[in-house]
Amino acid sequence: PSTSITLTSEHKVFVVTEKGIEEKFVEDLKKGDRLLMISSFKVKSKGNLKISKELACLLGYIIGDGTLDGNRIILYDKDIQLVNHYKSLIERILKKEPKILKRRNTYELRIYSKKFVDLILSNYPEIVKRSRERDIPTNILQLSNEKLRYFLRGVFDAEGYVDRSSIGIRMTNEILVKKIQLVLLRFGIVSSVRGPDKFERYELRITNPIFIKTFYEEIGFSSKRKMKKLKSIIRNYK
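The sections below set out a description of the structure shown in this document. (Residues numbered from 1 in each chain as written. Predicted model: local features only at pLDDT ≥ 70, side-chain atom pairs only at ≥ 80, totals over all residues. Heavy atoms only, no water.)

1. A closer look at the packing of aromatic side chains
And step 1. According to the stated counting rule, one finds 4 aromatic pairs in the structure shown.
And step 2. Here the aromatic rings of Phe-156 and Phe-221 are separated by 6.4 Å at their centres, their planes lie at 75 degrees, and the arrangement is edge-to-face. Residue Phe-156 is located in helix H5 (residues 145–159), and its partner Phe-221 is located in the loop between helix H7 (209–218) and helix H8 (224–236); the two are separated by 65 residues in the primary sequence.
And step 3. Residue Phe-156 is classed as buried on the basis of its relative accessible area of 0%.
And step 4. An aromatic cluster of three or more residues is present, and its members are Phe-156, Phe-215 and Phe-221.
And step 5. Against the face of Tyr-107 rests Lys-102, its NZ or CZ located 5.2 Å from the ring centre. (Phe/Tyr/Trp six-rings, centres within 6.5 Å; stacked < 30°, edge-to-face > 60°. Helix = DSSP H or I, 4+ residues; strand = E, 2+ residues; numbered from the N terminus. Buried < 20%, exposed > 50% of the residue type's maximum accessible area, 1.4 Å probe, protein only. Lys NZ or Arg CZ within 6 Å of the ring centre and 35° of its normal.)

2. Here we look at helix H6 (residues 174–184)
And step 1. Within the sequence span of H6, burial applies to Leu-176, Val-177, Ile-180, Gln-181, Val-183 and Leu-184. Along the axis of H6, the buried positions cluster into a sector of 165 degrees, meaning they face one direction only.
And step 2. By the N-cap criterion, in which a side-chain oxygen at the helix start approaches the backbone nitrogen of a residue two or three places on, H6 is capped by Asn-173, the distance to Ile-175 being 3.2 Å. (Arc of directions from axis to C-beta. Polar contact = N/O pair within 3.5 Å; in protein donor to acceptor, adjacent residues only side chain to side chain.)

3. Some remarks on the sheet that holds strand S10 (residues 192–194)
And step 1. Spatial ordering of the open sheet is given by S8-S9-S11-S10, a layout of 4 strands whose pairing is antiparallel. At either margin of the open sheet sits one strand with a lone partner, and together these are strand S8 (160–162) and S10. Between one strand and the next, the sheet's axes are offset by a mean angle of 25 degrees, whatever the strand orientation.
And step 2. In terms of strand pairing, strand S9 (residues 167–171) meets strand S11 (residues 202–206) through 5 bridges, oriented antiparallel. What sits directly across from Gly-168, in S11, is Arg-205.
And step 3. Along the sheet, H6 makes contact with S9, S10 and S11, crossing S11 at roughly 15 degrees.
And step 4. Against the sheet, H8 makes contact with S8 and S9, and its axis sits at roughly 45 degrees relative to S8, the strand it touches most. (Pairing = 2+ DSSP bridges. Axes fitted to C-alpha atoms, helices over the stretch in contact; angles between N-to-C directions. Contact = heavy atoms within 4.5 Å.)

4. Here we look at unusual backbone geometry
And step 1. Here Gly-195 and Pro-196 are connected by a cis peptide whose omega angle stands at 5 degrees.
And step 2. Its place among the elements puts Pro-196 in the loop between S10 and S11.
And step 3. Backbone geometry places Lys-95, a non-glycine residue, at a positive phi of 55 degrees.
And step 4. Residue position: Lys-95 is located in the loop between helix H2 (80–94) and strand S6 (99–102).
And step 5. The backbone phi angle of Glu-200 is positive, close to 65 degrees, even though this residue is not glycine.
And step 6. Here Glu-200 shows up in the loop between S10 and S11.
And step 7. A relative accessible area of 41% places Glu-200 in the partly exposed class.

5. Points about the pairing of strand S1 (residues 12–17)
And step 1. Across 6 bridges, the pairing between S1 and strand S2 (residues 20–25) is antiparallel. Paired with Lys-12 across the bridge in S2 is Phe-25.
And step 2. In the sheet, S1 pairs with strand S3 (residues 34–35) via 2 bridges, with the strands oriented antiparallel. Note that in S3 the partner of Val-15 across the bridge is Leu-35.

6. Digging into the sheet that holds S1
As a general point, the strands of a sheet are linked pairwise by backbone hydrogen bonds and lie either parallel or antiparallel.
And step 1. Reading across the sheet, the 3 strands line up as S2-S1-S3 and stay open at both edges, with antiparallel pairing between neighbours. At either margin of the open sheet sits one strand with a lone partner, and together these are S2 and S3.

7. A short note on the side chain of Ser-223
And step 1. Note that Ser-223 resides in the loop between H7 and H8.
And step 2. A distance of 3.3 Å separates polar atoms of two side chains, one belonging to Ser-223 and the other to Asp-79.
And step 3. One polar contact links the side chain of Ser-223 to the main-chain amide nitrogen of Arg-225, over a distance of 3.4 Å.

8. Comments concerning the packing of H5 against H6
And step 1. Where H5 meets H6, the axes come as close as 11 Å, and the angle between the chain directions of the two elements is 140 degrees. Judged on the interaxial angle alone, H6 and H5 are oblique. In the packing of H5 onto H6, the handedness of the crossing is left-handed. Here Leu-148, Leu-152, Val-155 and Phe-156 of H5 lie close against H6, whose contacting residues are Ile-180, Val-183 and Leu-184.
And step 2. Residue composition of the contact of H5 with H6, by class: 7 nonpolar, no polar and no charged. (Parallel < 35°, antiparallel > 145°, perpendicular 65-115°, else oblique. Left-handed = near helix turned anticlockwise from the far one by under 90°. Nonpolar A, V, L, I, M, F, W, Y, C, P; charged D, E, K, R; others polar.)

Okay, structure coming up:
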């Protein structure tokens, strides 16, 4: 995995050398030096946020691919199995049936609930801002891993993809992508971030089979199709 970091010349970093791990000022670094980066960390969660795993998952999907439109929230996806999965989540959370609309090449899942919109705007306003301004709320970042894993699953359900050898996510919001990269370290999952591309998107990719397996075990997808692809990568790795 590869990443980038912006530092002042007076900042110190850890460098792996033949003598072991040493500290160096950034201004003393040379091409070829190997920097030591963090691969996992723990956060002491605050238990004062009452949130179910279903709501955490839904909030993750909204930050990835949800739209606030007056007193309703609209979710989009081409996979009807995934749309029905979130429909059942919403029914359990709100005790109210959302509406599914078929569009030309996608489905819309519409949540008509002023009470739910007010809940979002009061507690998690960052997740329904304009795409480039969205952010993960601090109270979400303070969740335990048991709840945080469902928030991440929602994000990857909305924006994630699986190809022949990796898991990835593409967004125009650089800060949000880099925060997702940091949150994955809570589960010991190291990823790469690159961009922007010609469409001004930033891409996060998980390519190491060890971390792909950890993603499968700790986070996963709600989409059966994507989980099948994920299993295939793990099974075929040699």
